[in-house]
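Residue-level listing of the chains:
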Amino acid sequence: MIAIKNIDKFSFAAVPIDTFWNTGREKELKMHRIHAYPAKFPAFITTKALEYANKRNKKVRSVADVFCGCGTTAFEAKRNNIEFWGCDINPVATLIAKAKSRRYQKTRLEKYLKIILSDFKTRKIKDRYQTANERLKYWYRNDQYNQLAHLKDCILRKTPKNSDYRLFFLCAFSNILKGCSVWLTKSIKPQVDPIKVPADVKHSFEKQCHFMIVANDEVKVLGEALSEIVTGSFLDASTLAPKVDLIVTSPPYVTSYEYADLHQLSSMWLGMADDYKTLREGSIGSIYHDYNFKREWKRLNKTGNRIVSRLLDQHKSKAHSVAKYFLDMQRVAKKSYSMLNKNGMALFVIGNTEYKSVRIDNAKHLAESLLDAGFSQVLTTKRKISKKILTPYRDTRGKFSTDEKGRLVYCEEFIVIGKH
Ligand SMILES: C[S@@+](CC[C@H](N)C(=O)[O-])C[C@H]1O[C@@H](n2cnc3c(N)ncnc32)[C@H](O)[C@@H]1O
């Protein structure tokens, strides 16, 4: 870890890789893979953050993830029996995070699965396609739509209202939605694959549930410590974050993933929104925003100002999105500082990007924001992202690839730590 003394002169490009943060010691549990989620970080980041903080700090008793995504930190905190608080603006993320953080009895899972499947088989499937939400009709063929609607009814009919078990099966349902649609597989841009043969609904659900049952069985210990997972923007005044000893989080990337768009199938099927576009509001890093650039951009710190000024010459709307992102991240730094106990620590995993040869130095911007927010010391190190070493490009359809003609995705990212 290198302490940043003079932010103006500090070069993140020159930071050496610290192998401590590259890999974990144990194999990642299956529970971390029960639902696809973009930009999920490896579970060992939390374990290592706890190890790092415990060595240098008082014992960590509570941990938060202010962009908790699909609950990687939430689940690891539970495994370590440490109190957890997390929030995410994406309701699909918090559904998965909650599902992961609960303990289930294997026999009850098997019993519910059996009765859901038997209900699915014995009841007549109604034709509801004509009255379906137009957006869902766009993604589903008639058969798939009707079967999914039928399956959802069976889950709701056969599992107790508001129970952990209903959550478990709705999470399974959510994860099969893309496979059963014409959504281009593994694409991060919502687009139809005209030649795709959508997966069979019952088979996909059964397979998904079996995987999740095995994943649950693999979890030997899950502590009793409190775990609170909130759906909402971290920056909203109404999102009241408790005081914690440690924050472990990875902020969204700027203009990279539109989480509301990517999870539109789940959010519409699960009744989280009639129009998924409403869920874009408040999402940090989104290209959709409404703010007064002229008035606001004066609030950018030096790093932010320099990058946005260079981008303005290249691409105005991109510059506005990056400026909004930076302004939001400056507020994230302040709110993170205010929720830490004395001697607490905030650990951020963050990567840099590039646009039309303008380097978007997110790590430096964050480090400066943490210093401005009052953190007494800011440290950093670099880690390698193993998966992206093999497929370091994105093709025009948004899929990871080995083709050098694609857009280069960085194979490295930074760990930035702010000490209270
Ligand atoms: C890089 S992902 C976090 C992934 C997470 N570490 C995991 O392992 O699943 C960033 C998350 O920030 C969330 N996000 C974006 N804007 C937010 C906001 N204003 N408040 C809270 N969460 C937000 C996104 O929905 C996304 O889940």
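**Student:** What should I look at first to understand the layout of surface pockets in this one?
**Tutor:** A probe as big as a water molecule, rolled over the atoms, marks out the empty space that is left. Quantified by volume, the second largest pocket comes out at close to 390 Å³. Taken together, 19 residues line the second largest pocket, and the ones lying closest to its centre are E281, G282, S283, K324 and D328. Looking at the lining of the second largest pocket residue by residue, the class counts come to 4 nonpolar, 7 polar and 8 charged.

**Student:** Please clarify how the packing of helix 3 (residues 91-101) against helix 7 (residues 164-176) should be interpreted in this entry.
**Tutor:** The relative placement of two packed helices is expressed as an angle between their axes plus a distance between the axes. Relative orientation of the contacting elements helix 3 and helix 7 amounts to 130°, with a least axis distance of 9 Å. Taken as axis vectors, helix 3 and helix 7 run oblique relative to one another. Considering how the two elements wind past one another, helix 3 and helix 7 form a crossing that is left-handed. For the pair helix 3 and helix 7, the contacting residues are V92, L95, I96, K98 and A99 in the first and L167, L170, C171 and S174 in the second. Across the contact of helix 3 with helix 7, the residue classes break down as 7 nonpolar, 1 polar and 1 charged.

**Student:** For this particular structure, what's the right way to read the domain arrangement of the protein?
**Tutor:** Interfaces are often sized by the accessible area lost when the parts come together. Its domain assignment divides the protein into domain 1 (2-93 + 223-419) and domain 2 (106-218). Residue-level contacts link 25 residues of domain 1 with 33 residues of domain 2. Contact with domain 2 buries area across many residues of domain 1, yet I34, L265 and W269 alone supply 31% of it, more than any other trio. For the pair domain 1 and domain 2, the interface holds 1 salt bridge. Linking E218 and K30 is a salt bridge whose minimum nitrogen-to-oxygen distance equals 3.8 Å. Between domain 1 and domain 2 we count 13 residue pairs in polar contact (both at pLDDT 80 or more) in total. Secondary structure elements with two or more residues in the side of domain 1 that touches domain 2: helix 9 (259-262) and helix 10 (264-269). No other element matches the 5 residues that helix 10 contributes to the side of domain 1 that touches domain 2.

**Student:** What is the right way to read unusual backbone geometry from this model?
**Tutor:** Leave glycine aside and you will find that most residues have negative phi; peptide bonds, for their part, are mostly trans. Backbone geometry places N81, a non-glycine residue, at a positive phi of 55°. Assignment of secondary structure puts N81 in the loop between helix 2 (72-79) and strand 3 (83-88). Residue classification places N81 among the partly exposed positions, given a relative accessible area of 45%. The residue K356 is not glycine, and still its phi comes out positive at about 45°. In this fold, K356 is placed in the loop between strand 7 (353-355) and strand 8 (358-360). The partly exposed category is assigned to K356, whose relative accessible area is 48%.

Conventions used here
- Residues numbered from 1 in each chain as written.
- Predicted model: local features only at pLDDT ≥ 70, side-chain atom pairs only at ≥ 80, totals over all residues.
- Heavy atoms only, no water.
- 1 Å grid on protein atoms, 1.4 Å probe; cavity = no way out; pocket = protein on both sides within 12 Å on 5 of 7 lines; lining within 4 Å.
- Points joined across faces, edges and corners; volume = space filled by probe spheres on them.
- Nonpolar A, V, L, I, M, F, W, Y, C, P; charged D, E, K, R; others polar.
- Axes fitted to C-alpha atoms, helices over the stretch in contact; angles between N-to-C directions.
- Helix = DSSP H or I, 4+ residues; strand = E, 2+ residues; numbered from the N terminus.
- Parallel < 35°, antiparallel > 145°, perpendicular 65-115°, else oblique.
- Left-handed = near helix turned anticlockwise from the far one by under 90°.
- Contact = heavy atoms within 4.5 Å.
- Domains from an automatic or database assignment.
- Buried area = accessible area lost by both parts, 1.4 Å probe.
- Salt bridge = Lys/Arg side-chain N within 4 Å of Asp/Glu carboxyl O.
- Polar contact = N/O pair within 3.5 Å; in protein donor to acceptor, adjacent residues only side chain to side chain.
- Buried < 20%, exposed > 50% of the residue type's maximum accessible area, 1.4 Å probe, protein only.

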